[in-house]
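These are the residues of each chain, in order.
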Protein chains: 2
Amino acid sequence: MAGTVFFHVTMSLDGFIAPAEVPVEDMFGPERKPDDPAVRRWMAQWGELHQTTFPQRFFRENLKLGEGGAENRDNEISQATFERTGASVMGKRMFDGGELAWPEEAPFHTPVFVVTHTEREPWERPGGTTFHFVNDGIESALKQAREAAGERDVRIAGGATTILEYLNAGLIDEFTITVSPVLFGTGTRLFDEVNADRIALEPRDTEFTGRVTYLTYAVHEREAG
Amino acid sequence: MAGTVFFHVTMSLDGFIAPAEVPVEDMFGPERKPDDPAVRRWMAQWGELHQTTFPQRFFRENLKLGEGGAENRDNEISQATFERTGASVMGKRMFDGGELAWPEEAPFHTPVFVVTHTEREPWERPGGTTFHFVNDGIESALKQAREAAGERDVRIAGGATTILEYLNAGLIDEFTITVSPVLFGTGTRLFDEVNADRIALEPRDTEFTGRVTYLTYAVHEREAG
């Protein structure tokens, strides 16, 4: 009935999807501190991690960063990932950061379900994104996202903690990791809390576009050893 | 003058090149304990990590596991990696494990330089492998390996600690990681001690052979930020 449940994140070669944490207000808040050394380091590392993403035409248009941009294979992949997604699920921390960083016309253009303890009315943004705040857990958020997505797929958008909760619960069908040619040494690891004994991966595809490599896997429940 | 200094290791998708540690004597020693749960787990994880390697014709012949085997692209890559290698460098722990596990005709068939505090005469094995024990550090071991390799390349064979010592010292020219579709959760991480601020990676090539993906990078010193 419903579509595929997936995630797609960009990871450093040493396994991090974000640099060492910096208070989100210092980066994106009204009193942000762009010259703070920790903020500068975070921004520099984030920029290298996503160096292939930021120049893309689709990314620039969707984040309201301006017209034009690269129309390469990476751009096609970003656009295809957007188009397959009928609804997204995210954690509260990702939402809190995004609320400060996204443009008014938030970049999802679909319903987004935020897993949180905070009670809040749905928040409708121009351009078709509506944030729904789900207080009764990840399965409920996924159920609502599936219904909202219809025939399209559900993306578990992030962050790492939320993605791993879904992965460990056996609720992810497939995922893609964009391996970026950078080493962080510290930061937020994607797989830090993985329940490795329960998960078997089936390689689906690999694509190298000149700088990054897209690794796609189907997820299966591991048979008892 | 000399060839390329490289390493090539197989890594789980979550960044481990070996399972959680088990005493090597329990696995390969004369009184090994194949039924110990920790040993069974280590062996099972090691087998999954290298599932693409063990059936290869080249691997089986070189490790004296028997005639025949897969003659696929993975086998070609293993053989090419062997043929480019004129000398290897390894740490003492890798040597200690290998001394118990390798066949009498050790699988290198070239000089091997073991970085160790232990003093020991060169140990010549049938088939062309001679182990030299180097007591004055990684640069000395590399210099001797370069001379022994002639026009061929020098492989930093392992383990993780030794590879990272060379990488952090700026002594690696390029490396290949075979990403295996497994998640370990715990174990020995390849990049745990990486000096990320000093290293810039240049993607060279990616190859997907159906199960594993080979990621190859050139290593450059990072310009001051």
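Look a little higher up for the structure.
Treat the numbers as computed from the prediction; the structure is a model and nothing was measured. (Residues numbered from 1 in each chain as written. Chains lettered and ligands numbered in written order. Predicted model: local features only at pLDDT ≥ 70, side-chain atom pairs only at ≥ 80, totals over all residues. Heavy atoms only, no water.)

Caption draft 1: Structural view of the environment of Phe133 of chain A. All names here are of chain A. Turning to its location among the elements, Phe133 is positioned in strand β6 (residues 130–134). The class of Phe133 is buried, set by a relative accessible area of 11%. With 24 residues separating them in the primary sequence, Phe133 and His109 have C-alpha atoms 16 Å apart. Ignoring any residue separated from it by four or fewer positions in sequence, one finds Phe133 in contact with Phe95, Val114, Thr116, Thr118, Arg120, Glu121 and Trp123. (Helix = DSSP H or I, 4+ residues; strand = E, 2+ residues; numbered from the N terminus. Buried < 20%, exposed > 50% of the residue type's maximum accessible area, 1.4 Å probe, protein only. Contact = heavy atoms within 4.5 Å.)

Caption draft 2: Quick look at the interface of chain B and chain A. Facing the 32 residues of chain B at the interface are 32 residues of chain A. In this assembly, chain B packs against chain A so that about 2,600 Å² is buried in total across both faces, 63% of it on carbon and sulfur atoms. There are 6 salt bridges connecting chain B and chain A. One salt bridge connects Glu48 of chain B with Arg222 of chain A, and the closest N-O pair in it is separated by 2.8 Å. Along the contact surface separating chain B from chain A lie 6 residue pairs in polar contact (both at pLDDT 80 or more). If you list the elements that add at least two residues to the side of chain B that touches chain A, you get α2 (37–49), β8 (174–180), β10 (199–208) and β11 (213–221) of chain B. Among the elements that line the side of chain B that touches chain A, the one with the most residues is β10 of chain B, at 7 residues. By residue class, the composition of the side of chain B that touches chain A is 18 nonpolar, 4 polar and 10 charged. (Buried area = accessible area lost by both parts, 1.4 Å probe. Salt bridge = Lys/Arg side-chain N within 4 Å of Asp/Glu carboxyl O. Polar contact = N/O pair within 3.5 Å; in protein donor to acceptor, adjacent residues only side chain to side chain. Nonpolar A, V, L, I, M, F, W, Y, C, P; charged D, E, K, R; others polar.)

Caption draft 3: A look at the sheet that holds strand β10 (residues 199–208) of chain A. All names here are of chain A. The 9 strands are arranged β5-β6-β4-β3-β7-β1-β8-β11-β10 in an open sheet whose pairing can be described as mixed. Looking at the sheet topology across the chains shown, the edges are occupied by β5 (123–124) and β10. Contacting β3 (85–91), β4 (111–115), β5, β6 and β7 (153–158), helix α5 (residues 92–101) crosses the sheet at an angle of about 100° to β3. (Pairing = 2+ DSSP bridges. Axes fitted to C-alpha atoms, helices over the stretch in contact; angles between N-to-C directions.)

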